[in-house]
Amino acid sequence: MNDQPPLRDIAVLGATGSIGTSALDVVARHPDRLRVTVLAAGSNVEALLALCRRHRPAHAVIADTGAHARLRDGLRESGLPTQAHAGDPALGELVASDACDTVVAAIVGAAGLPSTLAAARAGKRLLLANKESLVLAGELLTAAAGAAGACIVPIDSEHNAIFQCLPVAPAGIGACAAGGGSHGLRRILLTASGGPFRGRARAALADVTPAQAIAHPKWSMGPKISVDSATLMNKGLEVIEAHHLFGVPATQIHVLVHPQSLVHSLVEFIDGSTLAQLGLPDMRTALAVGFGWPQRIESGVAGLDLLAQGRLDFEAPDLDAFPCLRLAFDALAAGGTAPAVLNAANEVAVAAFLHGRIGFLQIPALVEDALASLPVVAADSLDVLRDADALSRRHVEQAIARNPTAVRPRALS
Ligand code: NAD
Ligand code: MG
């Protein structure tokens, strides 16, 4: 019997980022099974060209339409047959086409929603790292995946851990993504590293700089998710993500701070069993699960030596110092467009913090203000969600512009 998985034609969206780099590392280890056919990035043409020379995809897409000619010329000068494309519509068409059967959705932020949705609607295997699209449009995205038979494999270490612990059919998480069955689940325990400021009181966070905030103790990640980890908004987004992926209510989702980042999450069943997935903090494991599932393939990540690691600690999150986690639970409870408002407000606030325009403690303050000020309506269409996202962005931008007395730590250079 041939137990080799089929050759996968892979689109890596956000190829120049942290997850994109890890995905390409795993792909390069399996030239017989995995092939890159589409590479997409935001605006860094040189970095995208370098990846094209290395992986020789059939298509390369740059989001910035003004950079199309530079990409096309650079590909030609490199003697590559790769076709150049630019802009969101081109990316959506390629993702939905037979240019790929597997999509790594690793664009950061709500900017990833159109391509993620296109992959779900086209029934692709979707390695979903772009958690913001689930927070913004979770119902629509999982319904689209369910209707088209798309198999979603979460590429967030916690949700990937839960995916591995749940007794899903070998076909993948399609049924889970659509909220299929409770699996005898009592609760999900999401672990959190606690970020670089774990143990600090709220008052001690007023002056922290962007450089300190993105210096994550355990994970190497892009700047936006690193700040989210420092505020615990990342865990809040992940609570909402878990709700959509696994069809569980907020009351069954708990957060446990685990500073070693070796237990990636736990699942408790009604018979008293708790299953956990452990491993070194390296996203290549989750990506290898995504590419190979239901088979296991090499990822380049070493096994876990628990004797060398020594201990596993757990503590409760400090919601006073890190209110973003509470705000995310609040938004999930409010439902409708509230998570979209939360996500957009957070994206604007984090970008302003990284540019040195606001202080760290203003991030939760701005998100809280947006949630309290903006209306919550039923999230029954993509247009409604896009409007809520845009309204929240405008609201927070205006609030920042009105507040010249903000603490201004040095911007990240
Ligand atoms: P990153 O900043 O390192 O990379 C982001 C990528 O998105 C880059 O390739 C960039 O060119 C591209 N991009 C940005 N804006 C774009 C746009 N408008 N259109 C098209 N492409 C655009 O970020 P990252 O750390 O790799 O995170 C990517 C996603 O994965 C995020 O949603 C994050 O929450 C999620 N995630 C990351 C990790 C991690 O370990 N890095 C873990 C779990 C989940
Ligand atoms: Mg995570």
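Draft legend 1. The overall build of the chain, seen in detail. Secondary structure assignment for the chain yields 17 helices and 11 strands. For 413 residues, the compact-globule estimate of 2.2 N^0.38 gives 22 Å, and the chain sits close to it at 21 Å. Expressed along its principal axes, the backbone C-alpha trace of the chain runs to roughly 55 × 55 × 45 Å. When the 413 residues of the chain are sorted by exposure, 55% land in the buried category. Put simply, of all contacts in the chain between residues at least 6 apart along the chain, 69% involve residues at least 24 apart. A total of about 16600 Å² of accessible surface is found on the chain, and carbon and sulfur atoms cover 53% of it. Where the 33 positive side-chain charges of the chain centre and where its 38 negative ones centre are 4 Å apart.

Draft legend 2. How the structure looks around the sheet that holds strand 6 (residues 125–128). Read from one edge to the other, the open sheet built from seven strands follows the order 4-3-2-1-5-6-7, with strand pairing classed as parallel. Each having just a single partner strand, strand 4 (83–86) and strand 7 (151–154) make up the two edges of the open sheet. Across the sheet, the axes of successive neighbouring strands diverge by a mean angle of 20°, strand direction being ignored. One ladder, built from four bridges, connects strand 3 (residues 59–62) with strand 4; its direction is parallel. Its bridge partner lying in strand 4, I62 is registered against A86.

Draft legend 3. Representation of the sheet that holds strand 9 (residues 253–257) within the structure. Strands sit in the order 9-8-10-11 across an open sheet of four strands; the sheet is mixed. In this open sheet, the two strands that pair with only one neighbour each are strand 9 and strand 11 (274–278). Strand-to-strand twist across the sheet, computed as the mean angle between neighbouring axes with direction ignored, equals 20°. In the sheet, strand 8 (residues 185–192) pairs with strand 9 via five bridges, with the strands oriented parallel. Bridge pairing in strand 9 places T191 opposite L256.

Draft legend 4. Structural context of helix 14 (residues 324–334). Three or more residues of helix 14 are buried, namely C324, L325, L327, A328, A331 and L332. Buried residues of helix 14, viewed axially, fall in a sector of 160°; they line one side. Contacts made by the buried residues of helix 14 are with helix 10 (223–231), helix 11 (233–246), strand 9, helix 15 (338–354) and helix 16 (362–373). A positive backbone phi angle near 70° is found at G335, which sits one or two residues after helix 14.

Draft legend 5. Quick peek at the nonpolar core. Counting residues in hydrophobic clusters, the biggest one holds 89 residues, and the most contacted among them are L342 and F360. Ranked by the residues each element gives to this core, the list is headed by helix 15, at 11 residues. Each of domain 1 (8–176) and domain 2 (182–401) contributes no fewer than three residues to this core. Not counting the four nearest positions on each side in its chain, F360 is found in contact with F197, L205, A206, V208, A213, A230, T231 and F353.

Draft legend 6. Main features of helix 5 (residues 113–121). Within helix 5, seven of the nine residues are buried, leaving the element largely enclosed by the surrounding structure. Packing partners of the buried residues in helix 5 comprise strand 1 (8–13), helix 4 (88–96), strand 5 (102–105), strand 6, helix 6 (131–148) and helix 17 (382–401). Backbone geometry just after helix 5 places G123 at a positive phi near 75°.

Draft legend 7. View of the domain arrangement of the chain. You can read the domains of the chain as domain 1 (8–176) and domain 2 (182–401). The distance between the C-alpha centroids of domain 1 and domain 2 comes to 22 Å. The interface of domain 1 with domain 2 comprises 56 residues on the first partner and 55 residues on the second. Its largest share of buried area at the contact with domain 2, domain 1 owes to V135, Q164 and C165, together 13% of the area lost on that side. For the pair domain 1 and domain 2, the number of links is four salt bridges. With a closest N to O distance of 3.1 Å, D25 and R284 form a salt bridge. Applying the counting criterion to the domain 1 and domain 2 interface returns 15 residue pairs in polar contact (both at pLDDT 80 or more). Elements with a minimum of two residues in the side of domain 1 that touches domain 2: strand 1, helix 1 (18–28), strand 5, helix 5, strand 6, helix 6, strand 7 and helix 7 (157–165). Here the side of domain 1 that touches domain 2 takes 10 residues from helix 6, the largest share from any one element. Per-class residue counts for the side of domain 1 that touches domain 2 are 33 nonpolar, 12 polar and 11 charged.

Rules behind the numbers
- Residues numbered from 1 in each chain as written.
- Chains lettered and ligands numbered in written order.
- Predicted model: local features only at pLDDT ≥ 70, side-chain atom pairs only at ≥ 80, totals over all residues.
- Heavy atoms only, no water.
- Helix = DSSP H or I, 4+ residues; strand = E, 2+ residues; numbered from the N terminus.
- Rg over C-alpha atoms; globule rule 2.2 N^0.38 Å.
- Buried < 20%, exposed > 50% of the residue type's maximum accessible area, 1.4 Å probe, protein only.
- Contact = heavy atoms within 4.5 Å.
- Areas by Shrake-Rupley, 256 points an atom, 1.4 Å probe, with all protein chains shown as cover.
- Lys, Arg positive; Asp, Glu negative; His and termini not counted.
- Charge placed at Lys NZ, Arg CZ, Asp CG, Glu CD.
- Pairing = 2+ DSSP bridges.
- Axes fitted to C-alpha atoms, helices over the stretch in contact; angles between N-to-C directions.
- Arc of directions from axis to C-beta.
- Core = buried A, V, L, I, M, F, W, Y, C linked by side-chain atoms within 4.5 Å.
- Domains from an automatic or database assignment.
- Buried area = accessible area lost by both parts, 1.4 Å probe.
- Salt bridge = Lys/Arg side-chain N within 4 Å of Asp/Glu carboxyl O.
- Polar contact = N/O pair within 3.5 Å; in protein donor to acceptor, adjacent residues only side chain to side chain.
- Nonpolar A, V, L, I, M, F, W, Y, C, P; charged D, E, K, R; others polar.

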